[in-house]
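# Structural overview for review
The lines below spell out each chain.
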Amino acid sequence: MPASERQAPIHAAMDQFPVNDGELVVGGIPLSRLATRAGQTPFYAYDRQQLTRRVAQLRTALPASIKLHYAMKASPMPALVCHMARLVDGIDVASGGELKIALDSGADPHEISFAGPGKSPHELEQAAAAGILINIESFREVSELADIQRKTGYPARIAVRINPDFELKSSGMKMGGGPKQFGVDAEQVPELLTEIGRSGLAFEGFHLFAGAQNLKPEAIVEAQCKSFELALRLAKSAPSPVRFLNLGGGFGIPYFPGEAHLDLAPIGANLAMLAERARSELPEAELVIELGRYLVGEAGIYVSRIVDRKVSRGQIFLVTDGGLHHHLSASGNFGQVIRKNYPVTIGNKMTPEKRENVSVVGPLCTPLDLLADRMDLAAALPGDLVVIYQSGAYGFTASPRAFLGHPACVEILV
Ligand SMILES: *Cc1c(COP(=O)(O)O)cnc(C)c1O
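Keep in mind it's a predicted model, so treat the numbers as computed, not measured.

## Concerning the state of the cysteines
Here the structure, examined in full by the defined rule, presents zero disulfides. The structure places no disulfide on Cys409, whose sulfur is separated from the nearest cysteine sulfur, that of Cys365, by 20 Å.

## Looking at the layout of surface pockets
If you add up the space inside the largest pocket, you get close to 590 Å³. Looking at the largest pocket, it is lined by 27 residues, and the ones nearest its centre are His11, Val344, Arg355, Met375 and Asp376. Among the elements that line the lining of the largest pocket, the one with the most residues is strand β20 (residues 370-378), at five residues. Taken together, the residues of the lining of the largest pocket sort by class into 19 nonpolar, four polar and four charged.

## A short note on the environment of Leu245
Its location among the elements puts Leu245 in strand β14 (residues 244-246). Of the residues examined, Leu245 reaches a relative accessible area of 0% and is grouped as buried. Sequence spacing of Leu245 and Ala285 is 40 residues, and the spatial spacing of their C-alpha atoms is 6.3 Å. Excluding residues within four positions of it along the chain, Leu245 makes contact with Phe206, Leu208, Phe228, Ala231, Leu282, Glu286, Leu287 and Val288.

## Here we look at the site of the ligand
Within the structure, the ligand sits among Ala71, Lys73, Arg161, Met175, His207, Phe209, Ala212, Glu290, Leu291, Gly292, Arg293 and Tyr394. The separation between an oxygen atom of the ligand and a polar side-chain atom of Lys73 is 2.7 Å. For the ligand, whose unbound accessible area comes to 380 Å², protein coverage reaches 93%. For the shell around the ligand, the residue count by class is six nonpolar, two polar and four charged.

## So, the packing of helix α8 (residues 217-235) against helix α9 (residues 265-281)
The contact between α8 and α9 brings their axes to 9 Å, and the two run at 10°. Classified by the angle between their axes, α8 and α9 sit roughly parallel to one another. When α8 is examined against α9, the residues Pro217, Ile220, Val221, Gln224, Cys225, Phe228, Glu229 and Leu232 are found in contact with a partner set consisting of Pro266, Ile267, Asn270, Leu271, Met273, Leu274, Arg277, Ala278 and Glu281.

## What about the pairing of strand β21 (residues 385-388)?
Here β21 shows no split at all, with Leu385 and Val387 on one side and Val386 and Ile388 on the other all buried. Summarising the sheet, strand β16 (residues 300-312) and β21 pair through four bridges and their orientation is antiparallel. The residue of β21 that forms the bridge with Arg305 is Leu385. Sheet topology note: the strand β18 (residues 344-346)/β21 ladder contains three bridges and is antiparallel. Bridge pairing in β21 places Thr345 opposite Val387.

## Focus: the sheet that holds strand β2 (residues 23-26)
Spatially, the three strands line up as an open sheet ordered β1-β2-β3, and their pairing is antiparallel. The open sheet has two free edges, formed respectively by β1 (19-20) and β3 (29-30), since each of these has just one partner strand. Alignment of β2 against β3, held across two bridges, turns out to be antiparallel. The residue bridging Val26 from the neighbouring strand is Ile29, located in β3.

## Here we look at the nonpolar core
Among the nonpolar cores identified, the biggest contains 108 residues, and Tyr70, Ile91, Phe206, Leu245, Phe251 and Leu295 are the most heavily contacted of them. Among the elements that line this core, the one with the most residues is α8, at 10 residues. Shared between two domains, this core takes at least three residues from each, and those domains are domain 1 (3-46 + 299-413) and domain 2 (115-291). Membership of the second largest hydrophobic core comes to 20 residues, among which are Ala12, Leu34, Leu385 and Ile412.

## Focus: helix α6 (residues 139-152)
Compared with the 20 Å implied by 1.5 Å per residue over 14 residues, the 20 Å span of α6 between its first and last C-alpha is a close match. Buried within α6 we find Glu141, Val142, Leu145, Ala146, Ile148 and Gln149. Down the axis of α6, the buried side of the element spans an arc of 160°, and every buried residue falls inside it. Facing away from the buried surface of α6 by more than 90 degrees, the exposed residues are Arg150 and Lys151. On its buried face, α6 is in contact with α5 (121-130), β8 (133-136), β9 (157-163) and α7 (189-199). Among the residues of α6, the N-terminal cap falls to Ser138, whose side-chain oxygen and the backbone nitrogen of Arg140 are separated by 3.3 Å. Within two residues after α6, Gly153 carries a phi angle of roughly 80°, on the positive side.

Procedures and definitions
Residues numbered from 1 in each chain as written. Predicted model: local features only at pLDDT ≥ 70, side-chain atom pairs only at ≥ 80, totals over all residues. Heavy atoms only, no water. Disulfide = S-S within 2.5 Å. 1 Å grid on protein atoms, 1.4 Å probe; cavity = no way out; pocket = protein on both sides within 12 Å on 5 of 7 lines; lining within 4 Å. Points joined across faces, edges and corners; volume = space filled by probe spheres on them. Helix = DSSP H or I, 4+ residues; strand = E, 2+ residues; numbered from the N terminus. Nonpolar A, V, L, I, M, F, W, Y, C, P; charged D, E, K, R; others polar. Buried < 20%, exposed > 50% of the residue type's maximum accessible area, 1.4 Å probe, protein only. Contact = heavy atoms within 4.5 Å. Near = heavy atom within 4 Å. Polar contact = N/O pair within 3.5 Å; in protein donor to acceptor, adjacent residues only side chain to side chain. Areas by Shrake-Rupley, 256 points an atom, 1.4 Å probe, with all protein chains shown as cover. Axes fitted to C-alpha atoms, helices over the stretch in contact; angles between N-to-C directions. Parallel < 35°, antiparallel > 145°, perpendicular 65-115°, else oblique. Pairing = 2+ DSSP bridges. Core = buried A, V, L, I, M, F, W, Y, C linked by side-chain atoms within 4.5 Å. Domains from an automatic or database assignment. Expected span 1.5 Å × (residues − 1). Arc of directions from axis to C-beta.

Structure representation (structure tokens):
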């Protein structure tokens, strides 16, 4: 194909929110009205219906026996966690603070699990008292929990988080394989299991999490198969039958030009096959997958208001009241190697007569505060609302909100 005919990659269609009268409609409310209702810009809005729909889509695509957990570090907003707790089968937490929100949400403690390196003695005590499942990530955690159990009499329920001997290919963020701070290396797990047997702690299963933000079903399928085999092998050294096998997640959503929505069909088919095998090979085990961004990422937007429009040497800059201090990921500074644009739109001018090539920047005194780099957007002026899609995960919660002392951002669930 000649270069002139080659299309630049574009963003996947962002059609999760309807448009009415030229305005994006979120939670049934036109955006400018929603901004007034929020009481301020900038704000994050999460759409309940989208969250509900996403869980329903997953339930349809995956076998019924697979338990679906929400990894709440993607978005720990309490109201959202309450909503999710009613839809999913369990909540995965990664700190004592998240544990509090999960318990407040009404989730059944039996279906809450706690992963993360460096759990403090205090957090382990909290977890044992709550009766949740603790994913052990070191030998230290086993002896610490045995002490806690002895001292308090609260029986500690544990699973072993395995650092696998393989990687999740094509993953946006690798969290297993090779030397890692997460979990216990597969080769050390038999010894750890012996230790657990001696400790008197209640062993319930295994947890594996190979990586995050993956858009290749074949890579996810491969990681799930390898995780299953590894768990099967290690189960032979376990002090009691495996009751939970958490195969991780890693399902990605399209953020950048050229990325497409994940095809769930091959993943569902593979999980059906694994569930079938588990029935005979790990008969007491529940299979679990844990998802964060896939459940909540697409249901959220970040909205800021344009405060200035400047032209510098021919390039148009829209300066907004929001920026990287609220949305580090969209600025490209949360683990991206090469900065790319999130999908962005002018939410109150969805059917524009005129478009312009512009950069959207925030108010911070740093060139890193860039929300959109030379994108074609509706021609916009101060007062208009810039919307960043795909902002329901790792937005508000993953941003340096104290940086530069600008006004705070709010979150609403509609
Ligand atoms: C962060 C994390 C998740 C969620 O990852 P997503 O990319 O948001 O799906 C799940 N499990 C563990 C152990 C994690 O640390």
